[in-house]
Amino acid sequence: RFHHTSASHLCSCSKTVSDEKYQDPFQLGRKDLKNLYEDIKKELLISAAELKEMCDYYFDGKGKAFRPMIVVLMARACNIHHSNSREVQASQRSVAIIAEMIHTASLVHDDVIDDAGSRRGKMTVNQIWGERKAVLAGDFILSAASVALARIGNTTIVSVLTQVIEDLVRGEFLQLGSKENENERFAHYLEKTFKKTASLIANSCKAVSILGCPDPKVHEIAYQYGKNVGIAFQLIDDVLDFTSCADHLGKPAAADLKLGLATGPVLFACRQFPEMNALIMRRFSKPGDVERARRYVLQSDGVQQTTYLAQRYCHAATREISKLRPSPEREALIQLTEMVLLRDK
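Along every chain, residues carry numbers that run from 1 in the direction the sequence is written. Local features in this predicted model are restricted to residues whose pLDDT is 70 or higher, and side-chain atom pairs enter the listing and the counts only when it is 80 or higher, whereas totals over whole chains, interfaces and linings include all residues. To obtain the side-chain values, all non-hydrogen atoms of the structure were included, while hydrogens and water were left out.

**Looking at the overall build of the chain**
A tally of regular secondary structure across the chain gives 19 helices and 2 strands. At 20 Å, the chain has a C-alpha radius of gyration in line with the 20 Å of a compact globule built from 345 residues. Expressed along its principal axes, the backbone C-alpha trace of the chain runs to roughly 60 × 55 × 35 Å. Among the 345 residues that make up the chain, the fraction classed as buried is 57%. Note on contacts: a residue pair is in contact if any heavy atoms of the two residues lie within 4.5 Å. Within the chain, contacts between residues at least 6 apart in sequence are counted, and of these 75% link residues at least 24 apart. Under the convention used here, a 1.4 Å probe and the Shrake-Rupley method define accessible areas, while residue burial counts only the protein chains that appear. Accessible surface computed for the chain: about 15,300 Å², of which carbon and sulfur atoms make up 52%. In this tally Asp and Glu are treated as negative and Lys and Arg as positive; neither His nor the chain ends contributes. For charged residues, the charge sits on one atom: NZ in Lys, CZ in Arg, CG in Asp, CD in Glu. On the chain, the mean spot of the 46 positive side-chain charges and the mean spot of the 42 negative ones are 2 Å from each other. For the purposes of this entry, the term helix denotes a DSSP run of H or I that reaches at least four residues, the term strand denotes a run of E that reaches at least two, and both are numbered from the N terminus. The atom set for the radius of gyration is the C-alpha atoms, and the globule formula is 2.2 Å times the number of residues raised to the power 0.38. Only protein chains enter the accessibility calculation, which uses a 1.4 Å probe; a residue is then buried when its area is under 20% of its type maximum, exposed when over 50%, and partly exposed in between.

Structure, rendered in structure tokens:
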């Protein structure tokens, strides 16, 4: 499904590394992420039992910790680049924790907005405890992340990471609107994708690079890597909404269409089937619209085109990170771009 033939040349960047030197990114980052979820729970010191239970619900340690993983690998890659230090500073690890907290708070809020019933293969917070309490739980996680951020004691880092929270809100507003003009529509979609998904990864990578290295060029490399990987990650997510079954995804398939969202595969399909324009403008709200749109997407090359676009973003991420001094962490970050393309859930 992911056109392994066309994806195969992506591997060329890491083939330069000998097999002994290559390490699985998740193995390489594991040491710095040990007790990550316990540390997050310590940030969420709560007296109210119900609020504690809600906040702990998504921090169950079963997630892949994809974002913190990128952040600690980037921290080490930048530290090695600047001073040949292989250690992650305590403040850099805090950024990884804060990134996961902001991400999780946004999931809790998203599930309320979308009235979602399942997330990561289990019932959502809003389904179990109700919408009002879910909103408050998301707010509480965000406030705890803000306290942890203030504790780092670096105003530049505070402004870099608060940008993420602003982008998340703006991205959600972008998602609520739609554009009539086809070209504007794609730009709107990519901007929404950046703000809702990629900004967190981009700015977290930038934050750890600032803490580890004074060179603004390195900060830009870290930011661009995170931005490109983040957009590719979401593009593949949008592809999986059409190609993966609900059991595998841990959430209902065609969920985006049911929410009235026109993602990459839909926008590409629209070029082959202009009759989809009407469906997009009414946000797939009439009976049969979702099934019809899904059929159009699968008959078109929408999935393939979106995958190609994700590959281009991953190429750009690889190009950026390759500017850093060689290290196992740098190679792991390159490897991570391939994992983003080939994931199936």
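Next comes the rest of the description.
**A closer look at helix α3 (residues 25-33)**
Those residues of α3 that sit buried are Pro25, Phe26, Leu28, Gly29, Asp32 and Leu33. Down the axis, α3 shows its buried residues gathered within 155° of arc, on one side only. The elements touched by buried residues of α3 are α4 (36-43), α6 (66-83), α7 (90-114) and α19 (328-342). For α3, the N-terminal capping position is held by aspartate 24, with its side-chain oxygen 2.9 Å away from the main-chain nitrogen of phenylalanine 26. Starting at the helix axis, one direction is taken to each C-beta atom, and the arc is that of these directions. In the analysis that follows, any N or O atom pair within 3.5 Å is treated as a polar contact, provided that within protein one partner can donate a hydrogen and the other can accept it, and provided that, for residues neighboring in sequence, both atoms belong to side chains.

**Description of the pattern of salt bridges**
Note on definitions: salt bridges are taken to be side-chain nitrogens of Lys or Arg within 4 Å of carboxyl oxygens of Asp or Glu. In the structure shown here, the tally under the stated rule is 19 salt bridges. For arginine 93, the salt bridge identified is with aspartate 39, shortest N-O distance 2.8 Å. Of this pair, arginine 93 sits in helix α7 while aspartate 39 sits in helix α4, and the two are 54 residues apart along the sequence. Since its relative accessible area comes to 17%, aspartate 39 is described here as buried. Here glutamate 182 makes a salt bridge to arginine 271, at a shortest N to O gap of 4.0 Å. Highlighted residues: glutamate 182 in helix α11 (residues 182-212) and arginine 271 in helix α15 (residues 264-272), separated in sequence by 89 residues. Through salt bridges with shared partners, a single network forms among Asp32, Arg76, Arg86 and Glu329.

**Some details on helix α5 (residues 49-58)**
Met54, Cys55, Asp56, Tyr57 and Tyr58 are the residues of α5 that are buried. Buried positions along α5 lie against α4, α7, β1 (118-119), β2 (122-123), α8 (125-129) and α9 (131-152).

**Some details on a nonpolar patch on the surface**
A patch is a set of surface residues, each over 30% in relative accessible area and not in a salt bridge, joined within 9 Å for like charges and within 5 Å for the nonpolar side chains Val, Leu, Ile, Met, Phe, Trp and Tyr. On the surface, Ile113, Val169, Phe173 and Leu176 cluster together to form a nonpolar patch covering roughly 430 Å² of accessible area. The leading source of residues in the nonpolar patch is helix α10 (residues 155-176), at 3 residues. Assignment of secondary structure puts phenylalanine 173 in helix α10.

**A few points about the environment of glutamine 311**
In this structure, glutamine 311 sits in helix α18 (residues 302-321). Glutamine 311 sits 82 residues away from valine 229 along the chain, and the two C-alpha atoms are 9.7 Å apart.

**Notes on the confidence of the model for the chain**
Chain-level statistics for the chain give a pLDDT mean of 90 and a share of 91% at 70 or above. Summary of the metric used: pLDDT quantifies the predictor's per-residue confidence within the range 0 to 100. Within the chain, the element-level pLDDT minimum falls on helix α1 (residues 4-7), averaging 37, and the maximum on α18, averaging 98.

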